[in-house]
Amino acid sequence: MSDSESILSSMTETRSFPPPESFAKTARISSLDEYQRLHKQSIDDPEAFWADVAEKNHHWFKKWDKVLDWQCPLAKWFVGGKTNISYNCLDRQIELGRGDHAAILFEGEPGDTRELSYNQLLAEVCRFANALKKLGVKKGDIVTIYMPMVPELTVAMLACARIGAPHSIIFGGFSATAIADRVHDAESRTIITADGGWRRGSIVPLKYNVDEAVKKCPNVENVVVLKRCDNEITWNDGLDRWWSDLVSSESDVCEAEQCDSEDLLFILYTSGTTGKPKGIMHTTGGYMVYTALTSKLIFDFKPDDVYWCSADIGWITGHSYITYGPLQNGVSVVMYEGAPNHPDWGRFWKIVQDRKVTVFYTAPTAVRAFMRQGTEIPARYDMSTLRLLGSVGEPINPEAWMWYHEHIGGSRCPIVDTWWQTETGGIMIAPLPGAFTLKPGSATRPFFGIDAAVTDSTGKEQPANSGGLLVIRKPWPSMLRGIYGDMDRYREQYWSQIENVYFTSDACRRDEDGNFWLMGRVDDVINISGHRIGTAEVESALVSHKSVAEAAVVGIPHEIKGQALAAFVALKLDATASDDLKKELLDHVAKQIGAIAKPDQIRFTDALPKTRSGKIMRRLLKELASTGEVKGDTTTLEDFSVVAKLSESDG
Ligand code: PRX
């Protein structure tokens, strides 16, 4: 971890955007005063605040005995309460009269469309839940899901939640090796997948990847296969079952399991610094309450909103803000299967136009990619239904913010820049769009119940405008409950850097008005296109190649992706550097982890610069990869000639 002193903030942004009057007039929270009053209440007496929210907005089979049990770092929310999040997403909405309202508006990449009402979605979920039970899936069994972005993915996750079986969703871009690691770690015996999924006009061979993974996972008993692309697949008798066969004879009624508030809802694997992915655990009640309220207030949901979040459900954004948060608010959720540039760069804007999207949530990396294509493309579409935009995944640079505001939002839509993490479960710092004056590049202020601060490495709060570490000082309902199978790592990583506070690993500055400006990560995890990649994982992948002796991977700034990876590779003596080998290494990384982790640069080198104690000096490599030369301090370097040689190697 860097010292806070080394986190310099050089950003000065003076543009500001008060909420448009017409927006504020109907907003759920419409003034800064109202926010400040409620925020104070939520911090002074979190238990009263959250009890009120949980009581008013949710169905409980049994009310909790105690709102919060906090034995740092172990939190329990709504202790003793019994509920079911699938019930709250579906049955409760139907009870409120929204049964015929569209729940999912699906758009497949090839252009096929489907619409499911809340009634229809409930029926599908029940059928699949009954099918899972028949396969022997019981409460507490972890089910792995590796699917394309189709409605059945939502059905699968809600069916698991309905019967109390935690899900572990793996993003469809991950490789067979990554699937096998996660299936092993979660001791999962059931995998739900599809024959394939559409991406940029090609078929992603999902079933093939699962076939490769299960060869290494003898404990897997069932592979449920949805037919999506009708591509040829290998069939493993005794293991594989078609989704359609399983559900055809099932009833569309399945009583929701009465889950304990602290029952595991899902595990989601995310990169850590040690190369081994961490299974982040989220439980039922607190996550349910927090994702519903953040959705309602930050996206300012109204009953007729057509909401589209362009993330993949395989990431936390999709879990919390495609499925659980929006459906608990009864809105219509657009779901798109494919790539933003298929068949061309107007696809997103065509969906906005055709579906009359009102609230759109995407990532800065997408905004930058669209920026690159020019303003003429979005200008071709009627996007006048949009009233609010959102951003997530990495800091949005002010120029991208301005472009998004003007060319997508028609200069009338507020932008909610939402800061949060897989671990936090829900949005932590973000504007309430009818109440806050926005500053491009700032995620603004903490949500209700979130006690965020910027401190130095001893936990001392930093003065305004000094860079420091972002920490959270109080437990919140959707916080992670631990790392699956590794509670020591949970304590060590999140709660020991600074005593008794949650350490986010993000650098941050708070300005004189109380706005938070995120500055990126302080550890070795790199954020590419909004996805976190542990450099250690990529190094491990490179080193697992037969020609590689040693590898160091660092993050470098990238115009579109935010950050990109540069790899320095020392080869084994019998291997020869070549362009073919570079390509082979890239393919190897893609196979081990996924295409997203492929380095943009690979440089071959005789040796890596190391400190005397043997630690690779990543700081120097980063400088070299970003600027082409090394000017920084090299006094602890063991052998300076290594850097001189590296500067000569080509990128
Ligand atoms: O560094 C922060 C960055 O993404 C990290 C969390 O990554 P992940 O767990 O994959 O979740 C991404 C989606 C919630 C954070 O530690 N990050 C996320 N949103 C923002 C951000 N950085 C700046 N501004 C944001 N709005």
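What counts and what doesn't
- Residues numbered from 1 in each chain as written.
- Predicted model: local features only at pLDDT ≥ 70, side-chain atom pairs only at ≥ 80, totals over all residues.
- Heavy atoms only, no water.
- Domains from an automatic or database assignment.
- Contact = heavy atoms within 4.5 Å.
- Buried area = accessible area lost by both parts, 1.4 Å probe.
- Salt bridge = Lys/Arg side-chain N within 4 Å of Asp/Glu carboxyl O.
- Polar contact = N/O pair within 3.5 Å; in protein donor to acceptor, adjacent residues only side chain to side chain.
- Helix = DSSP H or I, 4+ residues; strand = E, 2+ residues; numbered from the N terminus.
- Buried < 20%, exposed > 50% of the residue type's maximum accessible area, 1.4 Å probe, protein only.
- 1 Å grid on protein atoms, 1.4 Å probe; cavity = no way out; pocket = protein on both sides within 12 Å on 5 of 7 lines; lining within 4 Å.
- Points joined across faces, edges and corners; volume = space filled by probe spheres on them.
- Nonpolar A, V, L, I, M, F, W, Y, C, P; charged D, E, K, R; others polar.
- Near = heavy atom within 4 Å.
- Areas by Shrake-Rupley, 256 points an atom, 1.4 Å probe, with all protein chains shown as cover.
- Pairing = 2+ DSSP bridges.
- Axes fitted to C-alpha atoms, helices over the stretch in contact; angles between N-to-C directions.
- Phe/Tyr/Trp six-rings, centres within 6.5 Å; stacked < 30°, edge-to-face > 60°.
- Lys NZ or Arg CZ within 6 Å of the ring centre and 35° of its normal.

Quick word on the domain arrangement of the chain
In many analyses, interface size is given as the accessible surface area lost on bringing the parts together. Assigned domains of the chain: these are domain 1 (3–508) and domain 2 (529–648). Each of domain 1 and domain 2 has a C-alpha centre, and these two points are 32 Å apart. Each partner contributes to the interface: domain 1 provides 23 residues, whereas domain 2 provides 18 residues. Regarding the contact of domain 1 and domain 2, the summed buried area is about 1,600 Å², with carbon and sulfur atoms giving 47% of it. At the junction of domain 1 with domain 2, the criterion picks out 1 salt bridge. Its salt-bridge partner being Glu-559, residue Arg-372 comes within 4.0 Å of it at the nearest N-O pair. Counting across the domain 1 and domain 2 interface gives 7 residue pairs in polar contact (both at pLDDT 80 or more).

Regarding the pattern of salt bridges
All chains considered together, the criterion is met by 38 salt bridges. Where Arg-15 meets Glu-399, a salt bridge forms, and the shortest distance between an N and an O atom there is 3.0 Å. In this pair, Arg-15 sits in the segment before helix 1 (21–26) while Glu-399 sits in helix 16 (residues 398–408), placing the two residues 384 residues apart along the sequence. The class of Arg-15 is partly exposed, set by a relative accessible area of 29%.

A closer look at the layout of surface pockets
Estimated volume of the second largest pocket: approximately 330 Å³. Ser-175, Ala-176, Asn-209, Ala-590 and Lys-591 are the residues nearest the centre of the second largest pocket, which is lined by 16 residues in total. Among the residues making up the lining of the second largest pocket, the classes are represented as 6 nonpolar, 7 polar and 3 charged. Taken together, domain 1 (3–508) and domain 2 (529–648) each give at least three residues to the lining of the second largest pocket, which thus spans both.

Some details on the site of the ligand
Inspection of the region around the ligand gives 17 residues, with Asp-417, Thr-418, Thr-422, Arg-521 and Arg-532 positioned closest. One nitrogen or oxygen atom from the main chain of Thr-418 is found 2.7 Å from a nitrogen atom belonging to the ligand. Protein chains shield 96% of the accessible area of the ligand, which is 540 Å² for the free molecule. Residue classes in the shell around the ligand are distributed as 6 nonpolar, 6 polar and 5 charged.

What to know about the sheet that holds strand 20 (residues 415–418)
With mixed pairing, 7 strands are arranged side by side in an open sheet as 5-4-17-16-18-19-20. Each edge of the sheet is formed by a strand with only one pairing partner; in this case those strands are strand 5 (113–117) and strand 20. With direction set aside, neighbouring strand axes in the sheet form an average angle of 20 degrees. In this sheet, strand 18 (residues 359–362) lies alongside strand 16 (residues 306–309) in parallel orientation, the contact comprising 3 bridges. Of the residues in strand 18, the one forming a bridge with Cys-309 is Tyr-361. Packing of helix 12 (residues 316–327) onto the sheet brings it into contact with strand 4 (102–107), strand 16, strand 17 (332–336), strand 18 and strand 19 (388–392), and relative to strand 16 it is tilted by some 165 degrees.

Focus on the packing of aromatic side chains
Across all of its chains, the model carries 42 aromatic pairs by this definition. Seen from their ring centres, Phe-348 and Phe-370 are 5.3 Å apart, and the 55 degrees between their planes marks the pair as tilted. Linking Phe-348 in helix 13 (residues 347–355) with Phe-370 in helix 14 (residues 364–373), this pair joins segments that are 22 residues apart in sequence. Through a chain of ring-to-ring contacts, the aromatic side chains of Tyr-35, Phe-49, Trp-50, Tyr-290, Phe-436, Phe-447 and Phe-448 assemble into a single cluster. Against the face of Phe-174 rests Arg-182, its NZ or CZ located 4.6 Å from the ring centre. Here the basic side chain of Lys-227 rests over the ring of Trp-242, its NZ or CZ set 5.0 Å away from the ring centre.

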